[in-house]
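Here are the chains, one letter per residue:
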Amino acid sequence: KELTAQAPKAEYYDKTLASTDCITTTQVADDLGMSAKALNAKLRDNGIIYHQSGQWHLTARFKTWNLHGTRTYSYTKEDGTTGTKQTLVWNQRGKRFILALYNNDFSVREAIAEIKGEM
């Protein structure tokens, strides 16, 4: 009976986490009431992301967790030519992980426990 009642929620949750649409760090940070700069600093300080060549990257530990994607955008350089850059974006699974991190003072172990329902 309880499983039947929870089925729509579970289906929604599974579909949301499987979504390939991504959101920016700014959008996630807005939901937490903080700036993207502050969120990136917390994620960096806790070993989740690092900054290299003007771009944020997931650390090796988290690259296989299916948390992110990239977006390529173009811009005009000072000399008038067009350049491209990539930016890190988060899928719904990544957003959920960040929310759990936030709820648990950025403790990865506690965030995972929250996501698994062990807290």
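All chains use their own residue numbering, which begins from 1 and follows the written sequence. Note on the predicted model: pLDDT of at least 70 is required for a residue's local features to be given, and 80 or more for side-chain atom pairs to be given and counted; whole-chain, interface and lining totals, by contrast, use all residues. Excluding hydrogens and water, the side-chain values take into account all heavy atoms of the structure.

Draft legend 1. Examining the confidence of the model for the protein chain more closely. pLDDT expresses how confident the predictor is about each individual residue, on a scale running from 0 to 100. With 86% of its residues at a pLDDT of 70 or more, the protein chain has an overall mean of 88. Looking over the protein chain, one finds the lowest element-wise mean pLDDT in helix α1 (residues 2–17), namely 62, and the highest in helix α3 (residues 36–45), namely 98. Secondary structure follows DSSP: runs of H or I at least 4 residues long count as helices, runs of E at least 2 residues long count as strands, and numbering of each begins at the N terminus.

Draft legend 2. Region of the structure containing the side chain of K95. Turning to its location among the elements, K95 is positioned in helix α5 (residues 92–103). A residue is classified by how much of its surface remains accessible, and K95, at 18% relative accessible area, is buried. Any pair of N or O atoms that falls within 3.5 Å is considered a polar contact. Within protein, one atom must be able to donate a hydrogen and the other to accept it, and sequence-neighbouring residues count only if both atoms are side-chain atoms. Within the structure, the side chain of K95 is placed 2.7 Å from the side chain of D31, a separation counted as a polar contact. Residues count as neighbours in contact if any of their non-hydrogen atoms are within 4.5 Å of one another. Ignoring any residue separated from it by four or fewer positions in sequence, one finds K95 in contact with I23, V28, D31 and W90. Relative accessible area decides the class of each residue, using a 1.4 Å probe on protein chains only: under 20% of the type maximum gives buried, over 50% gives exposed, and in between gives partly exposed.

Draft legend 3. Representation of the pairing of strand β2 (residues 55–58) in the model. Two strands pair when backbone bridges link them, and strand β1 (residues 49–52) and β2 are joined in this way by four bridges, in the antiparallel orientation. Bridge pairing links I49 to L58 in β2. Where β1 folds back on β2, the antiparallel hairpin that results is connected by two residues, among which S53 adopts a positive phi of roughly 50°. When DSSP finds two or more bridges between two strands, those strands count as paired.

Draft legend 4. A look at the pattern of salt bridges. Salt bridge, as used here: a side-chain nitrogen of Lys or Arg that lies within 4 Å of a carboxyl oxygen of Asp or Glu. In the structure shown here, the tally under the stated rule is three salt bridges. Two residues, R44 and D45, come together in a salt bridge whose shortest N-O distance is 3.0 Å. Classification of R44 by relative accessible area gives partly exposed; the value is 41%. Close ionic contact of E114 with R96 constitutes a salt bridge, the shortest N to O distance being 3.2 Å. Of this pair, E114 sits in helix α6 (residues 108–115) while R96 sits in helix α5, and the two are 18 residues apart along the sequence.

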